[in-house]
Amino acid sequence: YDTPVGIVTERDLLTKVLALGRDIKEEKVEKVMSYPLITICLTAKIKEAAQVMIKKKGRLAVFECGKLMGIVTASDLVKSLPEVPETEVKVDAFMTKQVVTVDEKESLDAIVKIMGNQRIGSVIVTRKGQPAGIFTERDLVTAVLAKGKPLNTQVGDMASSPLMTVPDGTSIHKAAITMAMKHIRRLPITRGKKLVGII
């Protein structure tokens, strides 16, 4: 237990266990963890951390003198965005335009397979065709798995609602502030009443 070798994320549980129909009670951590551990020095600059995360596609383990000091996530980087001209770029330039939507009556079992197979961290939950909430990997872990909820539950019962959105044309900086203040990691982008992306 002294030498960190990997990390288990919500995405690992989703793609390597649940989407494949494996029993979460039986799987061993060593079979699903992400490794090798992506590391960075405690004194590294935020921009360097962001570049490593983009290149390696994962969370960073922060070390000082060979000792694990903490973990840096994308949420941590969002919270640290300074108000500088380069953060005045609009969300439109970075948002994912292919947003997956599901009806509120779909079962969690079906949603988990969609998220795992498409390797996405969230789906927008609709009610009568209109965006009403969001279901994320974190919801899966905290509201479903940790509480022993069955996967035949309707996704609408587990989705976070109401849906927090910002309009297209919003600056990256303003979107980051919204995400930090609301403690969210995914922010849908709208144009009028239409959903056009997510960041």
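None of the values given here were measured: they were computed from a predicted structure.

**Details of the overall build of the protein chain**
A count of helices and strands for the protein chain gives seven helices and nine strands. The C-alpha atoms of the protein chain give 18 Å as radius of gyration, which agrees with the globular expectation for 199 residues (16 Å, within 12%). For the protein chain, the spread of C-alpha atoms along the principal axes amounts to about 55 × 50 × 25 Å. Buried residues in the protein chain amount to 38% of all 199 residues.

**Section: the sheet that holds strand β4 (residues 101–103)**
Adjacent strands of a sheet pair through backbone hydrogen bonds, lying either parallel or antiparallel. The strand order across the open sheet formed by three strands is β4-β5-β6, and the pairing between neighbours is mixed. Looking along the sheet, the strands with just one partner apiece sit at the ends: β4 and β6 (130–136). Neighbour-to-neighbour, the strand axes of this sheet turn through a mean angle of 40°, independent of strand direction. Direction of pairing for strand β5 (residues 122–127) relative to β6: antiparallel, over a ladder of six bridges. By the bridge assignment for β6, Ile-124 is matched with Ile-134.

**Quick notes on the packing of helix α1 (residues 10–18) against helix α5 (residues 108–118)**
At a minimum axis separation of 9 Å, α1 and α5 run at an interaxial angle of 105°. It follows that α1 is roughly perpendicular to α5 by the angle criterion. Of the residues in α5, those touching α1 at Leu-14, Thr-15 and Leu-18 are Val-112, Met-115 and Gly-116. A per-class count over the contact of α1 with α5 returns four nonpolar, two polar and no charged.

**Examining the sheet that holds strand β1 (residues 39–41)**
In space, the three strands of this open sheet follow the order β1-β2-β3, with mixed pairing throughout. Only two strands of the sheet have a single neighbouring strand rather than two, namely β1 and β3 (67–72). Sheet twist, expressed as the mean angle between neighbouring strand axes with direction ignored, is 35°. Two strands pair when backbone bridges link them, and strand β2 (residues 60–64) and β3 are joined in this way by five bridges, in the antiparallel orientation. Looking at the pairing, Ala-61 lines up with Ile-71 of β3.

**As for the nonpolar core**
Of all hydrophobic cores here, the largest spans 17 residues; its most connected members are Ile-111, Met-115, Val-123, Phe-135, Leu-140 and Val-155. Put simply, the parts of the chain that give this core at least two residues each are α1, α5, β5 and α6 (137–145). Excluding its chain neighbours within four sequence positions, the residues that come into contact with Leu-140 are Leu-14, Leu-18, Val-112, Phe-135 and Leu-145. One finds Met-95, Ala-175, Met-179 and Val-196 within the second-largest nonpolar core, a separate group that totals nine residues.

**Looking at the pattern of salt bridges**
Inspection of the entire model under this criterion finds nine salt bridges. Of the charged contacts, one joins Arg-11 and Glu-137 as a salt bridge, the two residues approaching to 2.3 Å between their closest N and O atoms. Of this pair, Arg-11 sits in helix α1 while Glu-137 sits in helix α6, and the two are 126 residues apart along the sequence. Assessed through its relative accessible area of 25%, Arg-11 is described here as partly exposed.

**A look at the side chain of Glu-137**
You can call Glu-137 buried: its relative accessible area is 4%. A distance of 2.3 Å separates polar atoms of two side chains, one belonging to Glu-137 and the other to Arg-11. Not counting the four nearest positions on each side in its chain, Glu-137 is found in contact with Glu-10, Arg-11, Leu-14, Met-115, Ile-120, Gly-121 and Arg-186.

**Brief notes about α5**
When α5 is considered as a whole, its buried residues turn out to be Leu-108, Ile-111, Val-112, Met-115 and Gly-116. Viewed along the axis of α5, the buried residues span an arc of 125°, placing them on a single side of the element. Where α5 is buried, its residues meet α1, β4, β5, β6 and α6. Just past α5, the residue Arg-119 takes up positive phi, approximately 55°.

Parameters at a glance
- Residues numbered from 1 in each chain as written.
- Predicted model: local features only at pLDDT ≥ 70, side-chain atom pairs only at ≥ 80, totals over all residues.
- Heavy atoms only, no water.
- Helix = DSSP H or I, 4+ residues; strand = E, 2+ residues; numbered from the N terminus.
- Rg over C-alpha atoms; globule rule 2.2 N^0.38 Å.
- Buried < 20%, exposed > 50% of the residue type's maximum accessible area, 1.4 Å probe, protein only.
- Pairing = 2+ DSSP bridges.
- Axes fitted to C-alpha atoms, helices over the stretch in contact; angles between N-to-C directions.
- Parallel < 35°, antiparallel > 145°, perpendicular 65-115°, else oblique.
- Contact = heavy atoms within 4.5 Å.
- Nonpolar A, V, L, I, M, F, W, Y, C, P; charged D, E, K, R; others polar.
- Core = buried A, V, L, I, M, F, W, Y, C linked by side-chain atoms within 4.5 Å.
- Salt bridge = Lys/Arg side-chain N within 4 Å of Asp/Glu carboxyl O.
- Polar contact = N/O pair within 3.5 Å; in protein donor to acceptor, adjacent residues only side chain to side chain.
- Arc of directions from axis to C-beta.

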